[in-house]
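# Structure at a glance
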Amino acid sequence: MSRQALGPATGLSSGSISNVVTELAAEGLVEEAGHVESDGGRPRTLLRVAPRAGYLIGIDIGETRVRAEIFDLAMTELARCELPLTGGARDIDTVVAHTARSIAAVLEESGIAAETLTGIGVGVPGIVERTPEGAVVHGQTVGWDAVPLERLLRGATDLPPATAFHISNGTMALGQAEMWYGGGRGTTDAAIVLFGSGVGACIVTDGQIHGIDHGTPAEFGHLTVQVRGRVCRCGSRGCLEAYTGAQAILSRWHEAGGPDPDEATEEYGISRLLAAARPEAAGAEADPTALAILDDTAEYLAAGLADLVNLFQPQRILIGGWAGLQLGPLVLDTIRERTRGYALHHPGRHTEITLSTLGPDAITQGAATLPLNHLLHHTTTAQPPVPAERLPR
């Protein structure tokens, strides 16, 4: 944008904009990006965030894999690494080792020096507690009890001591990515639902993510939707996740006569369920059992979404996560119809339900926004621009 265009966008005077731009340019965060013709006057200089003023690593510690990506400050991906957690291995030693390896891999592939990192954001499956010793993760469904993850990561990585780790719940990282770059843009009240091995939600009210400052997500997956219902991974009964998480869907299919869910990965199992429910390409008939499982899943998820509508009255609900994006095209219309049926009429009519727009890598992108958000709101000076001889080729 030009300085002139920044006036209406920010509400600042031209003098204030000039001062701020001068300061940001001196710090290396803003640079000129060409010119645009103006109406009858001199060409106007365009400004942009200086992409190479710093670098961000985003990490998604999921239940089936650890994925890392490195970005410049314009959020252009420079390298990625994905390491599977085979056989459901979620022990903290394996996770920490995979995370350290993925950080080293993206730094090496991109040619970025660790000293130039603005920070590392990490999305995790659990509640994050801030302590003087660093972030501690409580992940009941994956067997993590007060895991000092930040301390463990610092001990396992060969990074400068000043490297900042920003650890948050993965659903909240997804929500921030959607609000900044995806389907949440243009709204102030939204709910972003993560639908994967487990189920979670990020609640945004008046443009603010609920619990973002203290790492406490909305434990949407553990709403009770069936009294004395199925046993959930958390140990309780009747949780939404016990019916709509990928692991639970595959278990219910197996109990109804489908394949053993332990024979392959959850991603493959969900793909196989979808193939059974819509085998049109092969000229076969849809499997009524698979269709019934999907219908029940849509019913339970709609009941949970109706609770979000009644409690928070969001303008928009976005369904994301790898399982949500796989299943969404087949069940989204059913979910919309049944959510309206369960919700109060007025808020139900005014809530749009749609799929996430950022794809299955959105948590990684959202994790990278955590140090970027900190840079924008909590620091007064940026690191100096990277010398030309240290930039990646």
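Residues numbered from 1 in each chain as written. Predicted model: local features only at pLDDT ≥ 70, side-chain atom pairs only at ≥ 80, totals over all residues. Heavy atoms only, no water.

In terms of helices and strands, the protein carries twelve helices and 15 strands. Relative to the 2.2 N^0.38 estimate, which gives 21 Å for 393 residues, the radius of gyration of the protein is 23 Å and therefore close to what a compact globule would have. Principal-axis analysis of the C-alpha atoms gives the protein an extent of 70 × 50 × 45 Å. Taking all 393 residues of the protein together, 51% fall into the buried category. Sequence-distant contacts, at least 24 apart, represent 60% of the contacts inside the protein between residues at least 6 apart. When the accessible surface of the protein is summed, it comes to about 18500 Å², and 51% of that surface belongs to carbon and sulfur atoms. (Helix = DSSP H or I, 4+ residues; strand = E, 2+ residues; numbered from the N terminus. Rg over C-alpha atoms; globule rule 2.2 N^0.38 Å. Buried < 20%, exposed > 50% of the residue type's maximum accessible area, 1.4 Å probe, protein only. Contact = heavy atoms within 4.5 Å. Areas by Shrake-Rupley, 256 points an atom, 1.4 Å probe, with all protein chains shown as cover.)

Attention shifts here to the packing of aromatic side chains. Inspection of the entire model under this criterion finds two aromatic pairs. Aromatic side chains Trp 180 and Tyr 181 sit 6.0 Å apart centroid to centroid with 70 degrees between the ring planes, which places their arrangement in the edge-to-face category. Using a relative accessible area of 26% as the deciding quantity, one classes Trp 180 as partly exposed. With relative accessibility at 31%, the residue Tyr 181 sits in the partly exposed group. With a centroid separation of 4.1 Å and an interplanar angle of 25 degrees, the aromatic rings of Tyr 243 and Tyr 300 are classed as stacked. Linking Tyr 243 in helix H6 (residues 241-244) with Tyr 300 in helix H9 (residues 288-312), this pair joins segments that are 57 residues apart in sequence. Look at Tyr 243 and you get buried, because its relative accessible area is 5%. (Phe/Tyr/Trp six-rings, centres within 6.5 Å; stacked < 30°, edge-to-face > 60°.)

Here the focus is the environment of Ile 59. As for its position among the elements, Ile 59 is in strand S3 (residues 55-61). With a relative accessible area of 0%, Ile 59 lands in the buried category. Through-space distance from the C-alpha of Ile 59 to that of Glu 69 is 6.6 Å; in sequence the pair is ten residues apart. Aside from chain neighbours lying at most four places away, what touches Ile 59 is Val 66, Arg 67, Ala 68, Thr 99, Ile 103, Ile 120, Gly 121, Val 122, Gly 123, Thr 364 and Ala 367.

The subject of this paragraph is the sheet that holds strand S8 (residues 134-139). Either a parallel or an antiparallel arrangement is found when strands of a sheet pair, and the pairing is made through backbone hydrogen bonds. Taken together, the three strands give an open sheet; going across it, the order is S7-S8-S9, and neighbouring strands pair in antiparallel fashion. The sheet is open, and its two edges are formed by strand S7 (127-131) and strand S9 (144-147), each paired on a single side. Across the sheet, the mean angle from the axis of one strand to that of its neighbour is 20 degrees, orientation sign disregarded. In this sheet, S9 lies alongside S8 in antiparallel orientation, the contact comprising two bridges. Across the sheet, Val 137 pairs through a bridge with Val 147, a residue of S9. (Pairing = 2+ DSSP bridges. Axes fitted to C-alpha atoms, helices over the stretch in contact; angles between N-to-C directions.)

The next thing to look at is the pairing of S3. S3 sits mainly inside the fold: seven of its seven residues count as buried. Here S3 shows a buried face lined by Tyr 55, Ile 57, Ile 59 and Ile 61 and a second buried face lined by Leu 56, Gly 58 and Asp 60. By the bridge criterion, seven bridges tie S3 to strand S4 (residues 65-72) in an arrangement that is antiparallel. Across the sheet, Ile 57 pairs through a bridge with Ile 70, a residue of S4. Hairpin connection from S3 to S4: three residues lie between these consecutive antiparallel strands.

Counting 37 residues, the largest nonpolar core has Val 193, Phe 220, Ile 270, Leu 305, Ile 319 and Leu 327 as the members making the most contacts within it. Contributing elements (two or more residues each) for this core: strand S11 (190-195), strand S12 (199-205), helix H7 (246-255), helix H8 (266-277), H9, strand S14 (316-320), helix H10 (322-342) and strand S15 (352-355). Among the elements that make up this core, the one with the highest residue count is H9 (nine residues). Other than its neighbours up to four places away in sequence, Val 193 contacts Leu 174, Val 199, Gly 200, Ala 201, Phe 220, Leu 305, Leu 308, Ile 317, Leu 318, Ile 319 and Gly 320. Formed by 34 residues, the second largest nonpolar core is a distinct cluster that contains Ile 103, Val 122, Val 137 and Phe 165. (Core = buried A, V, L, I, M, F, W, Y, C linked by side-chain atoms within 4.5 Å.)

Counted according to the given criterion, the structure contains 17 salt bridges. With a shortest N-O distance of 3.5 Å, Glu 69 and Arg 80 are connected by a salt bridge. Taken together, the residues span a long stretch of sequence, with Glu 69 in strand S4 and Arg 80 in strand S5 (residues 77-84) at a distance of eleven residues. Here Glu 255 makes a salt bridge to Arg 230, at a shortest N to O gap of 2.8 Å. (Salt bridge = Lys/Arg side-chain N within 4 Å of Asp/Glu carboxyl O.)

Quick look at the environment of Arg 237 now. Its place among the elements puts Arg 237 in the loop between strand S13 (208-209) and H6. Exposure remark for Arg 237: the relative accessible area of 47% places this residue in the partly exposed category. For the pair Arg 237 and Val 122, spaced 115 residues apart in the sequence, the C-alpha separation amounts to 30 Å. In this structure, Arg 237 is in contact with Thr 224, Gln 226, Arg 228, Gly 229, Arg 230 and Val 231, ignoring residues within four places of it in sequence. A polar atom in the side chain of Arg 237 sits 2.9 Å from the backbone oxygen of Gly 229. (Polar contact = N/O pair within 3.5 Å; in protein donor to acceptor, adjacent residues only side chain to side chain.)

This brings us to the domain arrangement of the protein. Domain annotation of the protein identifies domain 1 (1-11 + 19-47), domain 2 (53-171 + 359-376) and domain 3 (183-353). Of note, the centres of domain 1 and domain 3, computed from C-alpha atoms alone, are 44 Å apart. (Domains from an automatic or database assignment.)

Now for the side chain of Ser 2. Mapped onto the fold, Ser 2 is located in the segment before helix H1 (3-10). When its relative accessible area of 6% is taken as the criterion, Ser 2 is described as buried. With sequence-adjacent residues up to four places away left out, Ser 2 is seen in contact with Arg 44, Thr 45 and Leu 46.

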